[in-house]
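Fold and contact review
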Amino acid sequence: MTEAPDYVNRVAGARIWRVAPTLWAQLGGLLWAPNVKEPWPPGEEYIATCPDYPDHAPPAEGCRCGIYAFYTPDLAAHGGYWPPEQGVSLHNRIVAGVVGAAGEIVLHESGLLAARVTVKAILTAGAADDQLPMPRQVIADAYGAEVIDSTDYEAFCAE
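Moving on, we come to unusual backbone geometry. For the peptide bond that leads from Pro-58 to Pro-59, omega is -10°, which places it in the cis range. Along the chain, Pro-59 falls in the loop between strand E4 (46-47) and strand E5 (67-70).

Quick look at the structure:
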């Protein structure tokens, strides 16, 4: 007999992405992880893979594989993984957002590693819309997500 899970909703987390700068890059997806050369496909669940051990299912304890998300934007900022205030030209094309994690999840001190995630919201943190290749609303629409003020993170996740 299989036991029912303790939760029915996805687990929320905060993260950042680079927005694809060219039409060629955007063909794969509008959002790209900052350090990974792989796009997040629009409107689809993003599924983790392990580049070091392709035969195991991420996330695996003791391995770096999986999709990382911080528990809160404050924890992401404290770790240096949050965009600075708008208008800082060194961080053009960086947006922040909320993901919903599902599947196997490994908890860490500041965040989690998940087997799969969906983009739930694009936050107002990061580059201003005029510094992005497209406005936040276009990005959010492509992923079936909302645009929310960064200060509303906790309330959004509570819903």
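Structurally, Thr-72 can be placed in the loop between E5 and helix H2 (73-78). A polar contact is formed between the side chain of Thr-72 and the backbone nitrogen of Leu-75, at a distance of 3.1 Å. Beyond its immediate stretch of four places on either side in the chain, Thr-72 contacts Ala-14, Tyr-153 and Glu-154.

Within this structure, the stated rule accounts for three aromatic pairs. Between Trp-40 and Tyr-46, the aromatic rings sit 4.4 Å apart at their centres with planes inclined by 5°, giving stacked as the arrangement. Exposure remark for Trp-40: the relative accessible area of 2% places this residue in the buried category. Ring pairs connect the aromatic residues Trp-17, Trp-40 and Tyr-46, which therefore count as one cluster.

Opposite charge on two side chains permits pairing when their charged atoms draw close. Taken as a whole and assessed by the stated rule, the structure comprises four salt bridges. Put simply, Glu-45 and Arg-116 hold a salt bridge, and the shortest N to O gap is 2.9 Å. Linking Glu-45 in the loop between strand E3 (39-40) and E4 with Arg-116 in strand E7 (residues 111-126), this pair joins segments that are 71 residues apart in sequence. Assessed through its relative accessible area of 26%, Glu-45 is described here as partly exposed. Look at Arg-116 and you get partly exposed, because its relative accessible area is 31%. When salt bridges that share partners are traced, they join Arg-10, Glu-45 and Arg-116 into one network.

What counts and how
- Residues numbered from 1 in each chain as written.
- Predicted model: local features only at pLDDT ≥ 70, side-chain atom pairs only at ≥ 80, totals over all residues.
- Heavy atoms only, no water.
- Helix = DSSP H or I, 4+ residues; strand = E, 2+ residues; numbered from the N terminus.
- Polar contact = N/O pair within 3.5 Å; in protein donor to acceptor, adjacent residues only side chain to side chain.
- Contact = heavy atoms within 4.5 Å.
- Phe/Tyr/Trp six-rings, centres within 6.5 Å; stacked < 30°, edge-to-face > 60°.
- Buried < 20%, exposed > 50% of the residue type's maximum accessible area, 1.4 Å probe, protein only.
- Salt bridge = Lys/Arg side-chain N within 4 Å of Asp/Glu carboxyl O.

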